[in-house]
Each structure stands twice: as structure tokens, then as C-alpha cells.
Amino acid sequence: MLSLNRVVVALLLFSAMTAYTQTGKPASIRARDLGIPFDGLPGQFNAITDVPGVEVGSATLIRGEGPLKVGEGPVRTGVTVILPRGSHSTDPVYAGWFSLNGNGEMTGTTWVEESGFLEGPVAITNTHSVGVVRDSMIAWGLLHGALAQPWALPVVAETWDGYLNDLNGFHVKKDDVYAALDSAKTGPVAEGNTGGGTGMVCYGFKGGTGTASRVLSKEQGSYTVGVLVQCNCGRRPQLMIAGVPVGKEIPGNEPYAQLAPAPLPGDEMKGDVGSIIIVIATDAPLLPHQLKRIARRAALGLARTGSISGNGSGDIFIAFSTANQHADAEPGPNTVKTVSNERISPLFEATVEATEEAIVNAMVGAKTMTGIDGHTVVALPHEKLQQVLKKFNR
């Protein structure tokens, strides 16, 4: 007889698959569809949008092929946005952020640290489009009356897609940011070569956007934790999936090898030029300092996939809570709730688990892509991955 937990998991997975097919688009393959074992119970969509109110939108830019012509292409980039309370709310959320390795950018974090609030969407794009995305988010906020105060300090993060994309061509425009914000919705989230993740590489395979969620038990508060990653980090030999050294079992064709100096003996990690942005959402009532603790735990989920957070990697994480609405209401004082520190560990565990799965989902959902100068990044081969997992009894 099936245990109650297994029955619940089966029902939730069936519901998620049904939701995907009801969108009118084919349900994409995800890590669990390949039989990859993960700990914890996912939400309905196994996505950051399982946290009530959270919406995700994106704009994907793919055009041109052949030799790089700066300003013309080929273009393999985009932008992804996460709206904590949806597009119709100006109510800030408590937030905290953490930099595991700072060779990257996440704007607006000085005010997040100072105020404890995230006052609008989080956007993720390529390294050289941070400025236009930031300015466009302000313009969109003005247009929709969505600014929380008379000035705006948007949170915009980046990872580098210069191996596949005409990075210096500045192809992300205001209209693309508007399209991402206007398309934001709840429900399933597109993964792999989408939005800001379009041109990204993860552990030497095609990477990009990935997401996952966890739902805590009633005894633990019934809270939901959702994670979205833009994955562009790691080298092939590092990759671990479900505890299996997949990267070592599927070697070859690592695209960044030709960009880095030859490693010294025993220094296989030299030349790590990737990054990862991790956004964590929860409906658990947490204060800013607790959310910083949550953000730190994303590093443990990243480590489960093998990353050492190398010198060239911008590994920056932000966490927010949709609880405690109107916590900044004037004139105050305002009453807020919070989970006690003695009961926060299940939320740590959920963050670690969802982060790990979101990264694997990004690779499983991505497809082989060719970009500038014929550069090609191969997708993680599903059948070979299953064979490797079987070899290690996983």
C-alpha cells in the first residue's frame, strides 16, 4: 500500500502536469519527469509561483546566426521579472540578500539592506543590460503608478551570456522590459532558454531559467518556499545531480574551456566565468534578518549541484516574504508576525531543496543552442543522464 505522503506527492505532480497542458502549450520535460530523485514535497506547479501572489514574466530575444557583428547579432538574450505581490500591488515586502561571491551585480540591494524592504519587482538579464532594465522598470512603475515612494531603486541582477550572445550590442530595450512586466502571471514558469536565461551556460551544458518549490507540513506551518534561478555557473567536472558525479560521467564539449588559460595541475576550476542569481520567495512571516538567513541557505542548494563559487562567478541571492502586508504603513507603529528562530529550520531545508531542483530544472529544460561565431552549447542529454543515475543506483 502506498504511504499517505506518496499519494499526496502523486496527486500534486498530476495536478502540476495537468496545469501545464491546460495552458495550451506542450508540457516541457522537467527533472522529476526523468526520475531524478529529490527530497521534499513540491507545490502545485513546483515553481516560485506556488507562493500566493508571486508572478513571473519574461521576454526572450533570439534572432540572427553566423559571425558576430556587434550591434546586429546574433542575439541570444532577454529579461525575466519576478513580482512579489503581482503587478497590481505597490505594497513592499520584507527582504534580505546575500552575496556568496560578488563578481556580479544586483542593483538596489543597498536600500534592501538599509530598509529591510523590497519595493518592487526583481529583474534578471545579461551583464550589459542591467542599466536599461533598471531605467525601464522605473519608467514602467511611473506609467502604472506602481512606485512605492517618489524615487525608485529597482533590484536588477545579471549573469554573463557573452559566449552565445552579442553582449555588447545592447539588444535588450525598454519595450522588452515592458513586455516581461506586462506578461507576468502566476502558474507554470517557462524554463531553460527563456527570458534572462536565454543565452546562459550551466556546468558546461546549456543552462538558463529554472524554478522549483517546497510545501511544509501542517506541523511545520504549511508554508511554501519557491525558488527561481538564472543559472550560468560552474564547470563540467563539478556537476553533481542527486549526489551523482554527472559532470565527470558526461565529459567533453565544455564551451568555456577555450576562453580560460590552461589550468595548472590540480587546478581544474581555473577560468570559471559563470554566475548564478537565486530569488527565494515564501509566504512564511519572516523579518528581514531572517530572510537574509534564508538567502544564505541558497548557497547550500547550489553546493549540492557541485559549485565552488569560483572567483569569476557572481553568485548573488535575494529572499522575500509575502506575509505581513502593509508592514510599512504610515504612520505606524505596525504589528507584524514572525516565525520563531526555533521553528525556522524547515524553511532552511525547503530553500536548500528547492534551489537544488531549480538548478537541475534549468538544465533539463534547456535545449542545445548555437550563437555568435557558431559557438554551440549542448543540452544536458536526458537519456545519458538517466543511464548515469542508474549506474549509481539513483
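Residues numbered from 1 in each chain as written. Predicted model: local features only at pLDDT ≥ 70, side-chain atom pairs only at ≥ 80, totals over all residues. Heavy atoms only, no water.

> Quick question: what am I supposed to make of the pairing of strand β3 (residues 93-102) here?
A regular strand places its side chains so that they alternate between the two faces of the sheet. Here β3 runs beside strand β4 (residues 117-118); their pairing, made up of 2 bridges, is antiparallel. Looking across to β4, one finds that V93 is bridged to L118. (Pairing = 2+ DSSP bridges. Helix = DSSP H or I, 4+ residues; strand = E, 2+ residues; numbered from the N terminus.)

> It is not clear to me how the sheet that holds β4 should be interpreted in this structure. Could you clarify?
Through backbone hydrogen bonds, the strands of a sheet pair up, either in parallel or in antiparallel fashion. The strand order across the open sheet formed by 6 strands is β4-β3-β12-β11-β10-β9, and the pairing between neighbours is mixed. At either end of the open sheet lies a strand with only one pairing partner, and these are β4 and β9 (208-215). Of the strand pairs in this sheet, β3 and strand β12 (residues 314-321) are connected by 8 bridges, and their pairing is antiparallel. When the bridges of β12 are listed, G96 appears paired with A319. In the packing of helix α6 (residues 288-304) onto the sheet, the strands contacted are β3, β11 (275-282) and β12, and the crossing angle to β3 comes to about 40°. Set on the sheet, helix α7 (residues 345-365) makes contact with β9, β10 (224-232) and β11; between it and β9 the angle comes to about 145°. (Contact = heavy atoms within 4.5 Å. Axes fitted to C-alpha atoms, helices over the stretch in contact; angles between N-to-C directions.)

> Would you take a moment to explain the sheet that holds strand β5 (residues 122-126) for this structure?
Strands sit in the order β1-β2-β5-β6 across an open sheet of 4 strands; the sheet is mixed. Each edge of the sheet is formed by a strand with only one pairing partner; in this case those strands are β1 (55-63) and β6 (155-159). Going from strand to strand, the sheet's axes swing by 15° on average, the running direction of each strand aside. Pairing between strand β2 (residues 75-83) and β5: 3 bridges, direction antiparallel. By the bridge assignment for β5, T80 is matched with I124. On top of the sheet, helix α3 (residues 130-143) reaches β2, β5 and β6; it is set at about 155° to β6, its chief contact. Sheet strands touched by helix α4 (residues 174-182): β1 and β2. Its angle to β2, the strand with the most contacts, is close to 45°.

> Is there a simple way to explain a nonpolar patch on the surface in this structure?
Where nonpolar side chains cluster on the molecular surface, the patch consists of W111, W151 and L153 and spans about 310 Å² of accessible area. Position of L153 relative to the elements: it lies in the loop between α3 and β6. (Patch = residues over 30% accessible without salt bridge, like charges linked within 9 Å, V, L, I, M, F, W, Y side chains within 5 Å. Areas by Shrake-Rupley, 256 points an atom, 1.4 Å probe, with all protein chains shown as cover. Salt bridge = Lys/Arg side-chain N within 4 Å of Asp/Glu carboxyl O.)

> I would appreciate a short explanation of the pattern of salt bridges in the present structure.
When charged atoms on two side chains of opposite charge get close, those side chains can pair. Tallied over the full model, the rule gives 9 salt bridges. R214 is the salt-bridge partner of E357, the closest N and O atoms lying 2.7 Å from each other. With E357 in helix α7 and R214 in strand β9, the pair connects residues that are 143 residues apart, well separated along the chain. Note on accessibility: E357 and R214 belong to one class, buried. Through salt bridges with shared partners, a single network forms among R32, R214, E353 and E357. (Buried < 20%, exposed > 50% of the residue type's maximum accessible area, 1.4 Å probe, protein only.)

> Sorry if this is basic, but what is going on with α4 here?
For an α-helix, the turn length of 3.6 residues means that residues three or four places apart are oriented alike. D176, V177, Y178, A180 and L181 are the residues of α4 that are buried. As for α4, its buried residues are in contact with β1, β2 and α3.

> Sorry if this is basic, but what is going on with unusual backbone geometry here?
If a residue is not glycine, its phi is most likely negative; likewise, a peptide bond is most likely trans. Between G73 and the following residue, P74, the backbone shows a cis peptide bond with an omega angle of 0°. A cis amide bond, omega 5°, links E330 with the succeeding residue P331. The phi angle at Y203 is positive, at roughly 55°, despite the residue not being glycine. Residue position: Y203 is located in the loop between β7 (201-202) and β8 (205-206).

> Would you explain the environment of I250 in this entry?
Mapped onto the fold, I250 is located in the loop between α5 (246-249) and β11. Put simply, I250 and P237 are 13 residues apart on the chain and 8.7 Å apart in space, counted from C-alpha to C-alpha. Setting aside chain neighbours within four positions, we find I250 in contact with F205, R236, L380, P381, K384, L385 and V388.

> Even after reading the chapter, I still don't get α6, so can you show me in this structure?
An ideal rise of 1.5 Å per residue puts 24 Å on 17 residues; α6 measures up with 25 Å between its terminal C-alpha atoms. Listed in full, the buried residues belonging to α6 are Q290, L291, K292, I294, A295, A298, A299, G301 and L302. For α6, the secondary structure elements touched by its buried residues are β3, α2 (109-115), β11, β12 and α7. In the segment just after α6, G306 is the residue with positive phi, at about 110°. (Expected span 1.5 Å × (residues − 1).)

> Just to check I follow, could you spell out the packing of aromatic side chains for this structure?
Any two aromatic rings considered together are summarised by their centre-to-centre distance and by the angle between their planes. Taken as a whole and judged by the stated rule, the model has 2 aromatic pairs. Plain terms: the ring middles of Y94 and F117 are 4.8 Å apart, the flat faces sit at 20° to each other, and that makes the pair stacked. With a gap of 23 residues between them, Y94 in strand β3 and F117 in strand β4 connect regions that are remote in the sequence. With 6.2 Å between their ring centres and 45° between their planes, F98 and F317 make a pair best called tilted. Of the two residues, F98 sits in strand β3 while F317 sits in strand β12, which places them 219 residues apart along the sequence. The class of F98 is partly exposed, set by a relative accessible area of 21%. (Phe/Tyr/Trp six-rings, centres within 6.5 Å; stacked < 30°, edge-to-face > 60°.)

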